[in-house]
Structure formats: C-alpha cells, structure tokens
Amino acid sequence: MRRSFALLAAALVTGALAVPASAADGDGKFTIKDPRITESSGLAASRQHPGIYWTHNDSDDGAYLYAVDGSTGETVATITMSGVGSPRDVEAVSVGPDDQLYVGDIGDNLGGTWPYVWIYRLPEPKELTDRTIRATQYVVKYSDGPRDAESLVVHPKTGRVYIVDKNEKGGHLYEGPARLSASGSNTFRPVAAVPDLEATDATLSPDGEHLVVRSYFGSIAYDWNGGRIKREKRLGVPFLGQGESVTYTADGTKLMYGAEGADSPVEPQDAPGGQGSDSRAGEGGSAASGGGEGLNGNLRTGVIAAGAALVVVVALRKLRRRP
C-alpha cells in the first residue's frame, strides 16, 4: 500500500500542474527506466564514475543499490549488500571520502519509535558490474530519543556523518561521532535547527562548503560553517511528483532533484555558488520555490492544487503506516 500511495501522489501532482516543470534549460535531465526502481528515495552522484547516480528503493526491496547512467536513465550495475541483514526503511545514500558509499536505513514508518536505526558503508566498485559487496553496519541512536529521518550526508573531507530528521514543523541537523564504530551504538546529537521544511533528503557540495536540504515542495541552501549551518536562501525545485531526493553533481555546479514512482524523473537546477548559479533565486525563491513565493498565473494555481493533493496523500500514507 505504501507504494500505491507514492504512485498516487505522483499522479496527482502531475495532473494538477498545467505547465511544464522548471529545469535548468532542460540540460542533464533523465528518467530512471529500471522497472525495479519504483520508490527512488535517495540519490548520490558518483565521483569515481562521471555521470553515474546511485539510488535505491524506499523499502520492501532488499539490500540493493542501483547505478543509473544519467545520460540514458538505464541501470548499469546492481549492488547487493551483504552483512547487513534485512533493511527496514532505506531513505538516503551519500558518497564519502575514498569513494565510500554510505546508505541510510534511517526511516521510521512508525513515526519515530524504533530505538535504533542503521547506516551501511561499502566501497564503491571500480568497475560497474552486478556484484555482491560486503558492507559494514553501524547502529545509530539519537541523544534526544527516536525519530523519523530521510536525509543523510557525509562530509567529503572529514568523513563525518550527519542526519536531518523529518518533522512537519521543521527538524534538526544531527552530528555523528568523528568516526563511526561498528561495535556498540553511535549517538547522533542535534547541532543546528533546520526549520521551515519537512526534510526528505539533503546533500553537501563536493567542497563541503554548502548544504542543501529539500522537502516535498522546496529546498533551502545553507553555508556549512563547520556543521553549525547558516541559512543562505530558499531554492526553487522542479515539480516532479513526490519529491524525495537531491544530490549535487560531481562538479558542484548543479543540483539533481528526483522523485518516487515508476519511470521517475530526475532534473537539474543551478546549484548555489556553482558556475551556473541563478542569481535570481534568492530568499524570495523562484517560480517553483517551496514556500510559494514568486508564483503567478497558471503556475500558482497548479502548485496550490498539487500541494493540496500531495498533502492529502502523504497524510493517508502516515495513517496507513500506523499499526
């Protein structure tokens, strides 16, 4: 049922919008064509393999990662993670130093009641072929109690792992230990507020200087500031359906936004501070900003209708998840 709700959300949003989605001149967008990928909930640009994006399903799939070619939308490799048991709710993927992949099994469909969640780490393969790779599993707890989360980032220089929890009223950036330990549990502590959005994914720029956190309808850019983040501006996002993922491109010039659903689209926007950055996308937002600023005409009508439809569907999904 969770999958059917996600697909319904995408259909409602697509049907409600009467104008094309905003994208960066149409360059670099692609569609994930693999029929196995119906709940793409995380996205990470490979640094070792230019143009390749790692993704995964939300849940009910298994311990799999998929390498998708951004030029064709085709899956070029499927990784099966061993040594991790049965994943519960995989929500995020990130690339850390030394081409290590970090997978966040950090979602909590029971609304933040599981006493612990997991992070998996594995080396990104040098050759993109179907294979099984043994991963290291880390137990994660929060200093202020269980919570739901869908966003995980790894600092590209220090390797420190951070999580943003998902809360309708806004969440927090949680900082993990300097080094994760495979023995015992790893306690994550809140270090900064992330207000004004319900975080569904996040990404750090390749230089580690900028953080972008996205929600269903918008995103916000922050100066990283050593993990004590400072808000820079609200960013526009393309309307693709149930917005679940975002990643910086390997060169840091674009943000790639993705969504759940079969044949899910991935579209670029100029990244803050990147070479193609759009100076118009300030605090007021662009025509597709999360807070609705700058909307007009048919687009405003479409966004309002899409927003209302998706809010209803997300609420139904939450009710369905409860025992």
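Numbering of residues starts from 1 in every chain and runs along the sequence as written. Local features in this predicted model are restricted to residues whose pLDDT is 70 or higher, and side-chain atom pairs enter the listing and the counts only when it is 80 or higher, whereas totals over whole chains, interfaces and linings include all residues. To get the side-chain values, take all heavy atoms of the structure and skip hydrogens and water.

**Overview of the sheet that holds strand β3 (residues 52-57)**
Part 1: Ordered by their spatial adjacency, five strands build an open sheet running β2-β3-β4-β5-β9, and the pairing between neighbours is mixed. The outermost strands of the open sheet, each flanked by one partner alone, are β2 (40-45) and β9 (131-134). For this sheet, the mean inter-axis angle between neighbouring strands, taken without regard to orientation, is 30 degrees.
Part 2: Looking at chain direction, β3 and strand β4 (residues 64-69) are connected through four bridges and run antiparallel. Note that in β4 the partner of W54 across the bridge is A67. Think of it this way: DSSP has to see at least two bridges between two strands before they count as a pair. Strands are runs of DSSP state E lasting at least 2 residues, helices are runs of H or I lasting at least 4, and numbering of each runs from the N terminus. Helix axes are fitted to C-alpha atoms over the stretch in contact, other axes to C-alpha atoms as well, and angles between N-to-C directions run from 0 to 180 degrees.

**Side note on the pairing of strand β17 (residues 219-223)**
Part 1: Burial analysis of β17 places four of its five residues in the buried class, the great majority of the element.
Part 2: Strand direction decides the pairing type here: strand β16 (residues 210-214) and β17, joined by five bridges, are antiparallel. Within β17, the residue paired with L211 across the bridge is Y222.
Part 3: Where β16 hands over to β17, the hairpin turn is made up of four residues, counted between the paired strands.
Part 4: The pairing of β17 with strand β18 (residues 230-235) spans five bridges and is classified as antiparallel. The residue bridging D223 from the neighbouring strand is K230, located in β18.
Part 5: A loop of six residues connects β17 with β18, the two strands running antiparallel in sequence, and N225 in this loop sits at a positive phi of about 55 degrees. To sort residues, take the accessible area from a 1.4 Å probe on protein chains only and compare it with the maximum for the residue type: under 20% means buried, over 50% means exposed, and anything in between is partly exposed.

**A few points about the sheet that holds β18**
Part 1: An order of β15-β16-β17-β18 is seen for the four strands of this open sheet, with the pairing classed as antiparallel. Each having just a single partner strand, β15 (201-204) and β18 make up the two edges of the open sheet. This sheet shows a mean twist of 20 degrees between the axes of neighbouring strands, independent of strand direction.

Coordinates in, geometry out; function isn't part of it.
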